[in-house]
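A structural walkthrough
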There are 2 protein chains.
Amino acid sequence: MTSYLLERAWVDGAVRDDVLVEIEGGRFARVSPADRRNPTGDAATLRGLTIPGLANDHSHAFHRALRGRTQRERGTFWTWREQMYAVAEQLTPDSYFALARATYREMAASGYTSVSEFHYLHDPEPAMGDALRAAAAEAGIAITLLDTCYLSSGFGAPPEGVQLRWSDGTAERWAERVGDGPAAIHSVRAVPRDQLRVFRGRAPLHVHLSEQVAENEACLAAYGVTPTRLLHDEGLLGPGTTVVHATHLTDEDVDLLGSTGTNACITPTTERDLADGIGPARRLVAAGCRISIGSDSHAVIDPFEELRGLEMDERLATQVRGHWSAAELLAIGAGGQIAVGERADLVTIGTTGPRTAGTGADENTAVFAATAADVTHVVASGRVVATRDDHEEIGRELDEALSTLWGRAP
Amino acid sequence: MTSYLLERAWVDGAVRDDVLVEIEGGRFARVSPADRRNPTGDAATLRGLTIPGLANDHSHAFHRALRGRTQRERGTFWTWREQMYAVAEQLTPDSYFALARATYREMAASGYTSVSEFHYLHDPEPAMGDALRAAAAEAGIAITLLDTCYLSSGFGAPPEGVQLRWSDGTAERWAERVGDGPAAIHSVRAVPRDQLRVFRGRAPLHVHLSEQVAENEACLAAYGVTPTRLLHDEGLLGPGTTVVHATHLTDEDVDLLGSTGTNACITPTTERDLADGIGPARRLVAAGCRISIGSDSHAVIDPFEELRGLEMDERLATQVRGHWSAAELLAIGAGGQIAVGERADLVTIGTTGPRTAGTGADENTAVFAATAADVTHVVASGRVVATRDDHEEIGRELDEALSTLWGRAP
C-alpha cells in the first residue's frame, strides 16, 4: 500500500486541496480529504497540482528520430517522408527497443501514462512488436499495441520499397497473425476495399482518416465515396473505432462519425508540423464523437501543448475564442480519473515555476500555462515512473538511441 | 574582460564547434575558434548550443497577470478584455514595478535579452514608465520603452473608464510629454486621423495594425481606407515603423508595407490566444518587410514557440511545409549576432534534455525542438542574467507580484 498527500488535485471535475490517495495493486483503493496538519502515516506529499495520467492515443515511436531532422532544406512533406522511410528501413528489434524505450520515457516524463502505438514496422514480427511492448514496460507506461494492416502504397498500387516489409500480403493473413488483439488499418489507401470486411467488429480499431486532401480525392476517384463514407459503408465506424486526424471532412462525414459515436484522435502538434490543416474537432464533438489526443510524429511530446492546441487552432480557424473550457480539455486528455478502482496514474505539475506561477493552480494552469517541462512527478499504475531528476538520464538515453541511427552529435 | 568557450555556437549563419568569445564593456571584443584541449585562461565553458540573444519586439508587461485567468467561462475576447482592464486599473508604480520585473526575468530566462514595451498605462507618468525602465534594468534586459498615444476608444469615440487614465487629450500634448523618445500609436482606432501627422518622421514608431477584422471594417467606415492605407497616406510607414500583428491585410496593404520597407512584428502565441487568425507573414517578407516576433500578451513567454509558430501557423493556413528554414527563423528572432562590436548577448540551449537530445544540436534544434525550459544560461550585455538555477526564484517573484493582484493562490 502506497499513499500520497496531494496538495491540490483534480478530483470529480474540480480542483480540491489536500487529497489523500491510497493505492493498492496499482489502483486507487481510497481517495479522501486529508488533514494537512495531521497527515496520515507515511504518505508522501506531492506539491503542486496533481491531475490524472494523460493518454497518448496515437504514436509512431520511431518518428522521434525525425525531430529537428526533417525541417532541413525547408522540409517539404517529401523530405519528411524520405527520412521517415530511411529510419524505418534500418531499425532492428534491438535498435527499435532502445529508441522506443527512450521515447516512452520522454512521454512518461511529460505526463503521458499510456500510449496507443500504431505499429506497422512488422519485420521481423513478432520481435518488433515485442520490442515495443518491452520498451513500454521498462518505461512504466501502459501500451495498447495496435498491429496495423498495411497492404498497398496507394489505391490499387502494390507496396513498394520498405513498405514490402510491412505487408502481410492480404488482410486475412494479417488477421491470422494478429489473432484478436488491438488492430489498426493504416488508411483506406493501404487496405483495398474488398478486404476491409475482415476488420468488421474488431475493437479497438484505429485508422488514419482524411489527414490530407489528396487522400480524399484519390478515394473518391477509386471508390466514388469519401474515406469516412467508405469506412461507414463497410461497417467499420462505431465507439470501438478511433479515426486519427479527421482533418478534411464533409458535413456528411462529420454526421456519420458523430452518429456512430466514433472516437476521433486529434494530434495538433503533428497536424501543424505536417501542414495537414485544422480539422473540425469541436463540430465532431457536437455531432456525437469522443475526442482524444496523440503526439503522433513526436515533433513535440507535450500533452499540454496538444490540449491547448485543440483550442488554439480552433481559434485560428474561426477567429472566435472559447470553444472548450479547460475542464473539458483536461477530460479529453485524461486516461482516467483520480477515483477508487481506477488505475493509479498521477501527474503532478509544478505551480510555482516561471510559466505556471500566479496562474491560479487550477485546470487553467494545467491546460493554458503548463508545459511538459513543468511536470515534476509521474505515477503510473501506482509506481513512480518519472520525476524531474530523471530528465538528464532520459536525454542521455535518447541521445544514445538516436546516435546509432544518425551518427553521434557532438 | 569576461570570456566564454562556447561548445557549439551560431556564428556567421552557421553552427560552429568551440568558439571563444571575449567580452569587454558589454560587447564582443573578439570571436575566434578555440582549442578545446587547450582552453584560453579562465574562459567558462557553456555546454550545449549558444545562439545570439533573442529580441522581444512587442510586450505589454502587465498582461502576464492574465495567463491562465482569462480562459474561464470559456474565455471570450470580452472576458479577456474585461479582466485586462481590471488589472490595468489597479496597477500602481510599485505594483507594476514588481510585476514587470518578474515578467522581464521570465523573459530573460526564456532567452529574450531585449524588449520593446508598448506602454500606455500612463497614470501617473513618468512614474509608471520609470517603473518599467527600472524593472528591465533589474532583470538585466535592454528595454525600448515605447510611450504609446491612446486618445480614443474607437473611431470618433472618446476614451472611457480606465482608458481616460491613458489619454493625453491630444497627440500634441502626448508629444510635449514624450519629447523625441521611442513612440507608439496604440492603433488607428485610438488616434484620430487629423492628429496622425504629429507622428510623421518619428522612429522607432510602433502601431497595432489590423489584428481583428472589425478594426478594418470600422476604419473603412470612418475614413474609406484600410488601416494600412491610412498610415501610408499619413506618411507613417517606413523602415523606422513597426506594425504589430498585420493579420488581416489586403493585397494592396501587403504591397504598401513591403514597398516602404516597414517592419512587421508577428506574435503567433498571442494571435492564437486572442483568435486573431493567421496573417500573411511570408508574403510580407516577399514584399520587402522585415519580420520580428513578440510575446505580446504573455499567454506564453517562449521565443522558440513564437519562431516555430511563424512556420507552423503558415503550414496550417496553406497546407504546405517549408516556408522558412530554421536559419531564417533564427535570424528573425535574434536581436543581433555573435560578432565583434555587437552587444554581448548569449543564449545557451541544453541539447541533451528530453526535448532536444538527438535532434542535431544545430539551428533546427533551436527552432524546432527547444522550448524556453531548455535555456540553461543567458548573458545580456556581457552580464549573466539568468541560469536554470534561477527558475525557482523567478517563479516566487511572479507569485509574489501576482498574489497582490489576484489574492494568494494556495
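Residues numbered from 1 in each chain as written. Chains lettered and ligands numbered in written order. Predicted model: local features only at pLDDT ≥ 70, side-chain atom pairs only at ≥ 80, totals over all residues. Heavy atoms only, no water.

Take the pairing of strand S15 (residues 383-387) of chain B next. Successive side chains on a regular strand alternate, one facing one side of the sheet and the next facing the other. Residues and elements named next belong to chain B. Pairing of strand S14 (residues 375-380) with S15 involves four bridges; the strand directions are antiparallel. Within the sheet, the bridge partner assigned to Ala 380 lies in S15 and is Arg 383. Counted along the chain from S14 to the antiparallel partner S15, the turn is two residues long, and its residue Ser 381 has a positive phi close to 50°. (Pairing = 2+ DSSP bridges. Helix = DSSP H or I, 4+ residues; strand = E, 2+ residues; numbered from the N terminus.)

The next subject is the pairing of strand S11 (residues 263-266) of chain B. Residues and elements named next belong to chain B. Residues of S11 alternate between two faces, with Asn 263 and Cys 265 on one and Ala 264 and Ile 266 on the opposite face, all of them buried. Bridging between strand S10 (residues 241-245) and S11 involves three bridges; their strand directions are parallel. Looking at the pairing, Val 243 lines up with Ala 264 of S11. For the crossover from S10 across helix H7 (residues 251-259) to S11, the handedness is right-handed. Pairing of S11 with strand S12 (residues 290-293), which is carried by four bridges, proceeds in the parallel orientation. Looking at S12, one finds that Ile 266 is bridged to Ile 293. (Buried < 20%, exposed > 50% of the residue type's maximum accessible area, 1.4 Å probe, protein only. Right-handed = clockwise from strand over helix to strand, strands pointing away.)

Residue and element names in this part refer to chain A. That bond from Asp 123 to Pro 124 is cis: its omega, 0°, falls within 30 degrees of zero. Here Pro 124 shows up in the loop between strand S6 (112-119) and helix H3 (127-139). Here the residue pair Ala 203 and Pro 204 is connected by a cis peptide bond, since its omega of -5° sits within 30 degrees of zero. Relative to the elements of secondary structure, Pro 204 occurs in the loop between strand S8 (183-185) and strand S9 (205-209). Phi at Ala 275 takes a positive value of approximately 60°, unusual for a residue other than glycine. Along the polypeptide, Ala 275 turns up in the loop between helix H8 (268-273) and helix H9 (281-287).

What follows deals with the interface of chain B and chain A. Each partner contributes residues to the interface: chain B has 65 residues there, and chain A has 66 residues. Carbon and sulfur atoms make up 53% of the area that chain B and chain A hide from each other, which totals about 5100 Å². Notably, a salt bridge pairs B:Arg315 with A:Asp273, separated by 3.2 Å at the nearest N-O pair. Every element with two or more residues in the side of chain B that touches chain A is listed here: helix H1 (77-90), helix H8 (268-273), helix H10 (303-318), helix H12 (363-368) and helix H13 (391-406) of chain B. It is H13(B) that provides the largest number of residues to the side of chain B that touches chain A, a total of nine residues. In the side of chain B that touches chain A, the residues fall into 22 nonpolar, 20 polar and 23 charged. (Contact = heavy atoms within 4.5 Å. Buried area = accessible area lost by both parts, 1.4 Å probe. Salt bridge = Lys/Arg side-chain N within 4 Å of Asp/Glu carboxyl O. Nonpolar A, V, L, I, M, F, W, Y, C, P; charged D, E, K, R; others polar.)

This next bit is on the pattern of salt bridges. Counting across every chain of the model gives 58 salt bridges over all chains. Two residues, B:Arg105 and B:Glu393, come together in a salt bridge whose shortest N-O distance is 2.8 Å. On the criterion of sequence distance, the pair formed by B:Arg105 in helix H2 (residues 93-110) and B:Glu393 in helix H13 is long-range, its members being 288 residues apart. With a relative accessible area of 36%, B:Glu393 lands in the partly exposed category. Taken together, the shared-partner salt bridges in this structure form one network comprising A:Arg101, A:Arg105, A:Glu138, A:Glu393 and A:Glu397.

We now examine the domain arrangement of chain A. All names here are of chain A. Split into domains, chain A comes out as domain 1 (2-52 + 341-392) and domain 2 (54-336). One C-alpha centre belongs to domain 1, the other to domain 2; they are set 29 Å apart. In this complex, domain 1 contributes 26 residues to the contact, which on the side of domain 2 involves 27 residues. Interface area, domain 1 with domain 2, both sides summed: about 2000 Å², of which 67% is carbon and sulfur. Interface area lost by domain 1 to domain 2 is led by Pro 52, Val 367 and Phe 368, which between them contribute 28%. At the surface where domain 1 touches domain 2, the tally comes to zero salt bridges. Where domain 1 meets domain 2, there are four residue pairs in polar contact (both at pLDDT 80 or more). Counting residues per element, the ones that place at least two in the side of domain 1 that touches domain 2 are strand S4 (44-52), strand S13 (346-349), helix H12 (363-368), strand S14 (375-380) and strand S15 (383-387). (Domains from an automatic or database assignment. Polar contact = N/O pair within 3.5 Å; in protein donor to acceptor, adjacent residues only side chain to side chain.)

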